[in-house]
Amino acid sequence: MNAVNVAASAGGTRRQSGGDPMETVRSAPVRAATTTRNLFWGTGPGDHALTVTDGHWPTDMDGRVFIVGPDKRRPGGHWFDQQGLLCRIELRPGSDGRIDVRHRRVDTPLSRIRSRLPFLFTTLSFMEISPFGLTNLANTNVQTIDDRLFVGYDAGRPLEVDPETMAVITPVGGNDEWYQASPGILEPGISVAAHPASDVDEGCLWFVNYSPLPLTPDTFVARWRLDGPVERWRLEGMTEFDSIHDVKVTRDHIVFTDLPFIVEPATFAGKPQTTPNRDWTSLWIVAKSDLAATPVGGSVRPLEIRIPMPTAHLSVDYEHPADRLTVYLEQIPIQDLMIRLRRGEYSHGTGAPNDPNFDGMVSLAPQPGVVGRYEIDLTTSEVVRSDLAWDDRFWGAVLATKDESSPAARAHQGQLWYSGIGFDPALVAQTWWDLYADAGLAAVVDPREVPMEPVPAGLARFDRESMKVAEVYRFDEGSFPHPPTFVPRSGATDPDDGYIVTVIHRDGPKEVWVFDASHLEAGPLARASAPEFNPPLLLHSCWMPPVPANRRRPDYRIPLWRDIRAAVTALPGLIVRIMRMGKRLHGLGHLR
């Protein structure tokens, strides 16, 4: 494993260190610079017809935007702790000129059991457990391949969803086709990276399937050819990691990184977290040629590279020289998804109790949005070139989007559009500050050198060829864009030619805005809203092109009875496994 040192000097300005810059903010009036208090007061499933209230809706957009996220109806608990809510935005206006938007729950057999027998289910932080197993909340990622739609969740199997009815069609793979970290009759603990890699050329999805438990540390790369069985290969020699969230693919390799996500059991009882996240990224590269030479079920050894500062998501050039691979990392220094704003606790920035309307919001680190580009020598596993891009105008990066609509767009990464919540002292949790302010971890801006004034939310365009922040559109106080989605212009022949469609979270009815992807700073081309349009803060999104009316999907189904039969058949082995785990836990107890 090789390490590379990256200097945080690609943009922005640094402030003189010394003391706590937010001490002067505490006694001053605090204004909401970046967010609305209307993040978690969602209205659930429903249909909306949005009226264009400003500008002109582009006529050269087609298809749909899908967004998925937790169906929060009120603040409280972790942002990620609810069943998925799927949103569909029709990009072609109806005959009345309005934009149709539909919200539906991602309902599974277990979620329907919960609605009838809620007393059997318990929420622990962002997870839900029951006698049936670990609930697949299906609330994290949505993506398309071959005119089909899939929803991903880091602690459950992927689900295929009908893009017309928005109903769940089937899980991908039977429970017995995946490696299970913990038992369950209907939904065992199956950790699968929420973002599989869509390999359009090969017509398959690539996954990483692993155990987050230290007692069962196996990791697998898996392939599903959009029909038939899930094929798995064990990965050997990987160093310890917290979780794996995102997988990407090139013509010759599968690439993925870890996501820092420390879960301390004591936090379930309300105790503060005591261990900060690691300040590096572990990146693994699996050669497709190694998989082709190894029978399914066999083992392969990936390359592993360590890079400073942790990563949330990544991109790769699908086409690259045989001995070089370029990886683009959306890095999240000193961010912690397990620390959230809680009712009754305090804001470090204001010294006042946290606003209860933000209860559940994860503590987005006070850092500029940063993208790293790393060129890797595949023969030596060394980083031979590295660059960082960031800008003082753009803080609190949340999620990004890119053009993946054509072979040319996938071949080489060009532009990246990133939404940011900005920086607001009121949203710096005291619990985060206590753990990270003096931890000395790799960051772009030291926590004690953050701005003394709020920085508004923004929508930024990163040019990954020049590694510069090309432009930033900054939003009015109390509003921010999330998530952004790239939509190609109808008939476009060049990559990155299109629009950015995004939901604007604000007080009152929320809105959908459309930007020209190459001219963000010119402002929105169109704004649309409706009186009752109030989705909660969701997560990832994707664009889906129009599906031909005569398009047929395979008759692929995993029936519920198959999973139940497999669970009953595996029961004797499960008892042995539980006993072995108990012995290991007992042994660990003697080491304390």
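Just so it is clear, the structure is predicted and the values come from calculations on it, not from any experiment.

Caption draft 1: Representation of the overall build of the protein in the model. Scanning the protein from terminus to terminus reveals 7 helices and 37 strands. Put simply, the protein has 592 residues, and 58% of those count as buried. Residue pairs at least 24 apart in sequence account for 67% of intrachain contacts in the protein once pairs closer than 6 positions are excluded. Counting every atom, the protein has about 23,600 Å² of accessible surface; 52% of that belongs to carbon and sulfur.

Caption draft 2: How the structure looks around the sheet that holds strand 6 (residues 122–124). Spatial ordering of the open sheet is given by 6-7-8, a layout of 3 strands whose pairing is antiparallel. The open sheet is flanked by strand 6 and strand 8 (133–134), the only strands paired with a single partner. Here strand 7 (residues 127–130) runs beside strand 8; their pairing, made up of 2 bridges, is antiparallel. Bridge pairing links isoleucine 129 to leucine 134 in strand 8.

Caption draft 3: Looking closely at the pairing of strand 9 (residues 141–145). Burial runs high along strand 9: 4 of the 5 residues are buried. Of the strand pairs in this sheet, strand 9 and strand 10 (residues 148–152) are connected by 5 bridges, and their pairing is antiparallel. Bridge pairing in strand 10 links isoleucine 145 to arginine 148. As consecutive antiparallel partners, strand 9 and strand 10 are separated by 2 residues, and within that stretch aspartate 146 has a phi angle of approximately 55°, a positive value.

Caption draft 4: Expanded view of the sheet that holds strand 28 (residues 382–389). Taken together, 4 strands build an open sheet; the order of strands is 23-24-27-28 and the sheet is antiparallel. Because the sheet does not close on itself, it has two edges, and the strands there are strand 23 (311–316) and strand 28. Averaged over all neighbouring strand pairs, the angle between strand axes comes to 25°, with direction disregarded. The sheet contact formed by strand 27 (residues 370–377) and strand 28 spans 7 bridges and is antiparallel. In the sheet register, arginine 373 faces strand 28, and the bridge partner there is aspartate 387.

Caption draft 5: Here's a closer look at the confidence of the model for the protein. The predicted model of the protein has a mean per-residue pLDDT of 88, with 90% of residues at 70 or higher. In the predicted structure, residues 584–592 sits below a pLDDT of 50 and forms 3 contacts with residues beyond four places in sequence or in another chain.

Caption draft 6: Molecular detail of the environment of alanine 567. Mapped onto the secondary structure, alanine 567 falls in helix 6 (residues 560–569). Among residues more than four places away in sequence, those in contact with alanine 567 are Gly184 and Ile185.

Caption draft 7: Layout of the pattern of salt bridges. All told, the structure shown has 39 salt bridges when counted by the stated rule. As a salt-bridge pair, aspartate 60 and arginine 489 come within 3.4 Å of each other at their nearest N and O atoms. Remark: arginine 489 occurs in the loop between strand 33 (480–488) and strand 34 (498–505) and aspartate 60 occurs in the loop between strand 2 (46–55) and strand 3 (64–70); sequence separation between them is 429 residues. Classification of arginine 489 by relative accessible area gives partly exposed; the value is 22%. Glutamate 231 is the salt-bridge partner of arginine 223, the closest N and O atoms lying 2.9 Å from each other. For the pair arginine 223 and glutamate 231, one class covers both residues: buried.

Caption draft 8: A look at a nonpolar patch on the surface. A surface patch of nonpolar side chains, about 340 Å² in accessible area, is lined by Ile185, Leu560, Ile564 and Val568. Among the secondary structure elements, valine 568 is positioned in helix 6.

Caption draft 9: Region of interest: the pairing of strand 27. Of all the 8 residues making up strand 27, 7 are buried; the element is thus mostly covered by neighbouring parts of the structure. Note that strand 24 (residues 324–331) and strand 27 share 8 bridges and pair antiparallel. By the bridge assignment, glutamate 330 is partnered in strand 27 with valine 371. Connecting strand 27 to the antiparallel partner strand 28 that follows it, the hairpin turn spans 4 residues, and serine 381 within it adopts a positive phi of roughly 65°.

Caption draft 10: Representation of the environment of alanine 197 within the structure. Relative to the assigned elements, alanine 197 resides in strand 14 (residues 197–199). Judged by its relative accessible area of 3%, alanine 197 is buried. With 52 residues separating them along the chain, alanine 197 and valine 249 place their C-alpha atoms 5.7 Å apart. Once residues within four sequence positions are removed from consideration, alanine 197 is found in contact with Cys204, Leu205, Trp206, Val247, Lys248 and Val249.

What counts and what doesn't
- What you see as residue numbers is a count from 1 along each chain, following the sequence as written.
- The model is predicted, so local features are restricted to residues of pLDDT at least 70 and side-chain atom pairs to those at 80 or more, both for listing and for counting; the totals for chains, interfaces and linings are taken over all residues.
- To obtain the side-chain values, all non-hydrogen atoms of the structure were used and water was disregarded.
- Put simply, DSSP H or I for four residues or longer makes a helix, DSSP E for two residues or longer makes a strand, and each gets a number counted from the N terminus.
- Between buried and exposed lies partly exposed: a residue is buried under 20% and exposed over 50% of the maximum accessible area for its type, with that area taken using a 1.4 Å probe on protein chains only.
- Note on contacts: a residue pair is in contact if any heavy atoms of the two residues lie within 4.5 Å.
- Reported accessibility uses the Shrake-Rupley method at a 1.4 Å probe radius. Residues are deemed covered only where the shown protein chains occlude them.
- A pair of strands counts as paired when DSSP detects no fewer than two bridges linking them.
- Note on geometry: axes are C-alpha line fits, over the in-contact stretch for helices, and angles between N-to-C directions span 0 to 180 degrees.
- Confidence scores here are pLDDT values: one per residue, from the predictor, ranging 0 to 100.
- What counts as a salt bridge is simple: a side-chain nitrogen of Lys or Arg found within 4 Å of a carboxyl oxygen of Asp or Glu.
- Patch rule: a residue counts if its relative accessible area is over 30% and it has no salt bridge; like charges are joined within 9 Å, and nonpolar side chains (Val, Leu, Ile, Met, Phe, Trp, Tyr) within 5 Å.

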